[in-house]
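One-letter residues, chain by chain:
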Amino acid sequence: MPDDHHYLAGLELTGRRVVMIGGGTVAQRRLPRLIGAGAAVEVISPHTTPAVSAMADAGELVWHPRRYADGDLDGAWYALACTNDPEVNAAVCAEAERSRVFCVRADSGIDGSAVTPAVGRHEGLLLGVLSGGQPLRSVAVRDGILEGLRTGAIAGAAEPSGDELPGVALVGGGPGDPELITVRGRRLLARADVVVADRLAPRELLDELPPEVEVVDAAKIPYGRAASQDLINAALIENAKAGKFVVRLKGGDPYVFGRGFEELLACVEAGVPVTTVPGITSAFAVPAVAGVPVTHRGVSHEVVVVSGHVPPGHAESLVDWSALGRLRGTIVLMMGVERLPQFAEALLANGRPADTPVAIVEDGTMRTQRVLRSTLDSVAAEAKAAGVRPPAVIVIGPVAGLGQP
């Protein structure tokens, strides 16, 4: 196996001219990191991919729609030859050599004066991996290191920063599958001193916590035992004020029927710093894994996410069920299993056709997931007969019938 004799160094490219010859898919992959580094990027290519063109339209780079010509690297600090023509790439590298400009040659890395490592970021660390011309190995090693850092298997945690520690992080855990929490959410969870967890939060992630982490059960079981919201707020505030980093781990997204903003307001009022980490909302993710798109071209131009916490006509209801009945698009009903007959009746009474397709996804993204397909006039009875239980997401509208015989 050949040794890699490259010398790794970090380039400060902010405001400095970087020239990219070629505007194809290779350029498309390399450009975002250069732009993110603050480089003054110029692309020289007769044509570009739509994504590269969009970067130019947004003012993130300058595009010269022509072929490369000798002299294009004048004043450049760094160059990349990314065309599909080996002769052009060789000419770019030759000019770079004469001009003493480091140059990456995408089609033949050993013939350039620089190579691009597999790069990743983690908590202020910028990692670069080179492997002697084996890019797949570089990527695999980089990904392994990043995963180790994120899970804590590799030591490398940053010092606590004011925007994260100490205090409270409201973390959306996603629809239930532990693989669907965000990267940042998982990272903060690994650094928690106290975790206040909902019943619908990814349960497997709690088993990965060190034994010294305190887990507070904030389960809110529908129509049964429930932790008072005031007690949850108190647990967040008291632990944070004791100098502990508290993660409030919630199912879905904290701000989609998750009372996340109530908890944020309570913390702010108590002078506790809060950071919010959005999660993948179950309203869209659960139907997706069950093969139900909440929108589809020519079928649905609207999606309304509705809470089923209170029935139609209830004094506390803020939902205009007559308006929902007149809509033609998609209704995603959350927390609606217990009162499904009332919701179906309200929609039917206000104009929704009886044969409107309905899909109920129970335990979405979990091993126990199951799907019931029905129509609006029959779904309540069929759900009862099938023993459907919360948590379940109910999708009402033509999209629920797509792909069905």
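Residues numbered from 1 in each chain as written. Predicted model: local features only at pLDDT ≥ 70, side-chain atom pairs only at ≥ 80, totals over all residues. Heavy atoms only, no water.

Asker: Which residues make up the overall build of the protein chain, and what values do they have?
Answerer: The number of helices and strands found in the protein chain is 12 helices and 17 strands. Expected size for 405 residues packed as a compact globule is a radius of gyration near 22 Å; at 27 Å, the protein chain overshoots this value by more than 25%. In terms of principal-axis extent, the alpha carbons of the protein chain reach across some 80 × 55 × 40 Å. Residue burial in the protein chain is summarised as follows: out of 405 residues, 43% are buried. For the protein chain, contacts bridging at least 24 residues in sequence account for 61% of all contacts bridging at least 6. Taking the average location of the 37 positive side-chain charges in the protein chain and that of its 47 negative ones, the two points are 2 Å from each other. (Helix = DSSP H or I, 4+ residues; strand = E, 2+ residues; numbered from the N terminus. Rg over C-alpha atoms; globule rule 2.2 N^0.38 Å. Buried < 20%, exposed > 50% of the residue type's maximum accessible area, 1.4 Å probe, protein only. Contact = heavy atoms within 4.5 Å. Lys, Arg positive; Asp, Glu negative; His and termini not counted. Charge placed at Lys NZ, Arg CZ, Asp CG, Glu CD.)

Asker: Describe in detail the pairing of strand 17 (residues 392–396), supporting the description with residues and values.
Answerer: Counting buried positions along strand 17 gives five out of five residues, so the element sits mostly inside the fold. Alternating positions in strand 17 separate into two faces, Ala 392, Ile 394 and Ile 396 on one and Val 393 and Val 395 on the other, with burial throughout. Pairing analysis gives four bridges linking strand 14 (residues 330–334) to strand 17, with the strands arranged antiparallel. Directly across from Ile 331, in strand 17, lies its bridge partner Ile 396. (Pairing = 2+ DSSP bridges.)

Asker: Summarise the pairing of strand 13 (residues 303–307); cite the residues concerned and give the values.
Answerer: Looking along a regular strand, one sees the side chains alternate between the two faces of the sheet. Note: strand 13 against strand 14, five bridges, orientation parallel. Counted as the bridge partner of Ser 307 is Met 334 from strand 14.

Asker: For the sheet that holds strand 10 (residues 214–217), give the residues involved together with the corresponding values.
Answerer: Here we have five strands laid out as an open sheet, ordered 10-9-11-8-12, and parallel in their pairing. Unpaired on one side and paired on the other, strand 10 and strand 12 (274–277) mark the two borders of the sheet. Mean inter-strand twist for the sheet, computed between neighbouring axes without regard to direction, equals 20 degrees. As judged from the four bridges shared by strand 9 (residues 194–197) and strand 10, these two strands associate in the parallel manner. (Axes fitted to C-alpha atoms, helices over the stretch in contact; angles between N-to-C directions.)

Asker: Any details on the nonpolar core? Residues and values, ideally.
Answerer: Residues Trp 321, Leu 347, Val 358, Ile 360, Val 388, Ile 394 and Ile 396 are the most contacted members of the largest nonpolar core, which totals 21 residues. Elements represented by at least two residues in this core include exactly helix 10 (321–326), strand 14, helix 11 (340–349), strand 15 (357–362), helix 12 (379–386) and strand 17. When residues in this core are grouped by element, the largest group, five residues, is from helix 11. What Ile 396 contacts, discounting residues up to four positions off in sequence, is Gly 329, Thr 330, Ile 331, Leu 347, Arg 352, Thr 356, Pro 357, Val 358 and Leu 376. In this structure, Val 18, Leu 34, Met 55 and Val 104 belong to the second largest nonpolar core, which totals 18 residues. (Core = buried A, V, L, I, M, F, W, Y, C linked by side-chain atoms within 4.5 Å.)

Asker: Can you break down helix 11 residue by residue, with the values?
Answerer: For helix 11, the full list of buried residues reads Leu 340, Phe 343, Ala 344, Ala 346 and Leu 347. Projection of helix 11 onto a plane perpendicular to its axis shows the buried side chains occupying an angular sector of 160 degrees, all on one side. Set apart from the buried face of helix 11 by more than 90 degrees, the exposed residues are Glu 345 and Ala 349. Packed against the buried residues of helix 11 are helix 10, strand 14, strand 15, helix 12 and strand 17. Directly beyond the C-terminal end of helix 11, a positive phi value near 115 degrees is found at Gly 351. (Arc of directions from axis to C-beta.)

Asker: Describe a nonpolar patch on the surface, and please don't skip the residues or the numbers.
Answerer: A cluster of nonpolar side chains, Val 141, Ile 145 and Ile 154, forms an exposed patch at the surface whose accessible area comes to about 190 Å². Take Val 141: it is sitting in helix 4 (residues 135–151). Judged by its relative accessible area of 36%, Val 141 falls in the partly exposed class. (Patch = residues over 30% accessible without salt bridge, like charges linked within 9 Å, V, L, I, M, F, W, Y side chains within 5 Å. Areas by Shrake-Rupley, 256 points an atom, 1.4 Å probe, with all protein chains shown as cover. Salt bridge = Lys/Arg side-chain N within 4 Å of Asp/Glu carboxyl O.)

Asker: Would you mind going over the packing of helix 7 (residues 229–241) against helix 8 (residues 260–269) in detail, with residue names and values included?
Answerer: With their axes 10 Å apart at the nearest point, helix 7 and helix 8 run at an angle of 50 degrees to one another. Relative to helix 8, the element helix 7 lies oblique. In this structure, the crossing between helix 7 and helix 8 has a hand that is right-handed. Facing helix 7, whose interface residues are Gln 229, Ile 232, Asn 233, Leu 236 and Ile 237, helix 8 presents Glu 262, Glu 263, Ala 266 and Cys 267. Its residues assigned to classes, the contact of helix 7 with helix 8 comprises five nonpolar, two polar and two charged. (Parallel < 35°, antiparallel > 145°, perpendicular 65-115°, else oblique. Left-handed = near helix turned anticlockwise from the far one by under 90°. Nonpolar A, V, L, I, M, F, W, Y, C, P; charged D, E, K, R; others polar.)

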